[in-house]
Amino acid sequence: RAKEMGRNTYQFYCPEMNARTLERLQIEADLRHALERNELVLHYQPQIDVGSGAIVGMEALLRWEHPVLGTVSPLRFIALAEEMGLIIPIGAWVIRTACLQNMAWQKAGMAQLRMAVNLSARQFTGKDLLQSVGDALEESGLEARFLELELTESMVMSDVENTITILRMLKQLGVHLAIDDFGTGYSSLSYLSRFPLDVLKIDQSFVRDIAVGADAAAIVVSIISLAHSLRLKVIAEGVETAAQLAFLREHGCDEVQGYFFSRPVGALEFESLMAHATCTMD
Ligand code: C2E
Ligand code: MG
Ligand code: MG
Ligand code: MG
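Quick caveat, the model's predicted, so the values are computed rather than measured. (Residues numbered from 1 in each chain as written. Chains lettered and ligands numbered in written order. Predicted model: local features only at pLDDT ≥ 70, side-chain atom pairs only at ≥ 80, totals over all residues. Heavy atoms only, no water.)

Among the seven residues that make up strand 6 (residues 176-182), five are buried, leaving the element largely enclosed by the rest of the structure. Across five bridges, the pairing between strand 5 (residues 147-152) and strand 6 is parallel. Residue pairing across strands places leucine 149 opposite leucine 177, the latter belonging to strand 6. With three bridges joining them, strand 6 and strand 7 (residues 199-202) adopt parallel strand pairing. (Buried < 20%, exposed > 50% of the residue type's maximum accessible area, 1.4 Å probe, protein only. Helix = DSSP H or I, 4+ residues; strand = E, 2+ residues; numbered from the N terminus. Pairing = 2+ DSSP bridges.)

This is the structure we're talking about:
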């Protein structure tokens, strides 16, 4: 609107923008204290082996329990945390908490599961990553193979040589490496084969349309075959229906994750899920 009115017109009234700016300022101020006030929590979403129907892993997903706003989605504050530099301490907290929780569960006799953790771009290229992963493993006593780090295509493709160096160091620790939201970015296949990866996660946008759209179905089939030819495991995200599961199973997808099985849940609920839920694949 300001543009229509001409370059030098001062736009002095815009209540909508004001409210948004205020909310952002408030969130920004509060985010600085979220960690020390123990307002951050992890939820866990099970990952199911298509062949056996067993829960074989989980993804840790960050939540912010804001005293006024309630539960805030990571989509609303991760980017902000990146901009503010807060993602470094927050990300380290996520890795540490995920490792401690996984180890506590293993000690309590729960089946041994992989725990996947999302990394942000700034965390990935930051100098503290190796240290915080190493520290979390050491402090928790968790075996490295039970920790999986999720990266996105844009993160690994922006500086390929640097990526290879970082990934190799992480692999030396023994952790698993996954590409998240696969298919939404533009990965060069030749680079992908140079990265020491373990898992490709098919983005939920393709999974959503597999049973209804020929394009999505074709993309999913080719991602599965690409991944297997690179000896990577494939996990489909966002599986919500039996039809989607049937398609994925038919085409050899290894693991599935989505509301069809469970939403991300708090630690206590995850425990009862493990204790009581028999996951049938039908
Ligand atoms: P993501 O890593 O791709 O995680 C999958 C998202 O899909 C999660 O959203 C999950 O709750 C949601 N989801 C799972 N199953 C289904 C389903 O069947 N249907 C639909 N419609 N959605 C499903 P969430 O928890 O809101 O997280 C959003 C994004 O925020 C994540 O996407 C990830 O990129 C980021 N994120 C979450 N936790 C962290 C974290 O600790 N660190 C960083 N850097 N990013 C995080
Ligand atoms: Mg993820
Ligand atoms: Mg994803
Ligand atoms: Mg995503």
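For the coordinates displayed, the defined rule picks out five aromatic pairs. Ring centres of tryptophan 64 and phenylalanine 77 lie 5.6 Å apart, and the angle between their planes is 75°; this geometry places the pair in the edge-to-face category. A residue pair is termed long-range when its members are at least 10 positions apart, and tryptophan 64 in strand 2 (residues 55-66) and phenylalanine 77 in helix 2 (residues 74-84) qualify at 13 residues. Phenylalanine 77 carries the same exposure label as tryptophan 64, and that label is buried. In textbook terms, an aromatic cluster arises when at least three aromatic residues are bridged by ring pairs, as seen for Tyr44, Trp105 and Phe270. The lysine or arginine in question, arginine 263, covers the ring of tyrosine 259, its NZ or CZ lying 3.9 Å from the ring centre. (Phe/Tyr/Trp six-rings, centres within 6.5 Å; stacked < 30°, edge-to-face > 60°. Lys NZ or Arg CZ within 6 Å of the ring centre and 35° of its normal.)

Core analysis: the biggest nonpolar cluster contains 82 residues, and Leu31, Leu147, Leu170 and Phe270 have the highest contact counts within it. Residue contributions to this core peak at eight residues, all from helix 3 (residues 87-107). Those residues in contact with leucine 31 that sit more than four places away from it in its chain are Trp64, Phe77, Leu80, Ala81, Met84, Leu86 and Ile90. (Core = buried A, V, L, I, M, F, W, Y, C linked by side-chain atoms within 4.5 Å. Contact = heavy atoms within 4.5 Å.)

This next bit is on the coordination of the magnesium ion (ligand 2). At the metal site, the magnesium ion (ligand 2) is ligated by Glu59 (OE), Asn118 (OD1), Glu150 (OE) and Asp180 (OD), and these contacts range over 2.0 to 2.3 Å. All donors of the magnesium ion (ligand 2) belong to a single chain; written as a sequence motif, their spacing is E-x58-N-x31-E-x29-D. Taken as a pair, the magnesium ion (ligand 2) and the magnesium ion (ligand 3) lie 4.1 Å from each other and share aspartate 180 as a ligand. Linking glutamate 59 in strand 2 with aspartate 180 in strand 6, this pair joins segments that are 121 residues apart in sequence. Judged by relative accessible area, glutamate 59 falls into the buried class, the value being 2%. (Donors = N, O, S within 2.8 Å, 3.2 Å for Na, K, Ca; no water.)

As a structural note, the neighbourhood of ligand 1 is formed by 24 residues, with Arg63, Asn118, Asp180, Glu240 and Tyr259 the closest of them. Asparagine 118 is positioned such that a nitrogen or oxygen atom in its side chain is 2.8 Å from an oxygen atom of ligand 1. The side chain of aspartate 181 places a nitrogen or oxygen atom 3.0 Å from an oxygen atom of ligand 1. If ligand 1 stood free it would expose 800 Å²; the protein chains cover 84% of that surface. If you list the elements that add at least two residues to the shell around ligand 1, you get strand 2, helix 2 and strand 6. Here the element with the most residues in the shell around ligand 1 is strand 2; it accounts for four residues. (Near = heavy atom within 4 Å. Polar contact = N/O pair within 3.5 Å; in protein donor to acceptor, adjacent residues only side chain to side chain. Areas by Shrake-Rupley, 256 points an atom, 1.4 Å probe, with all protein chains shown as cover.)

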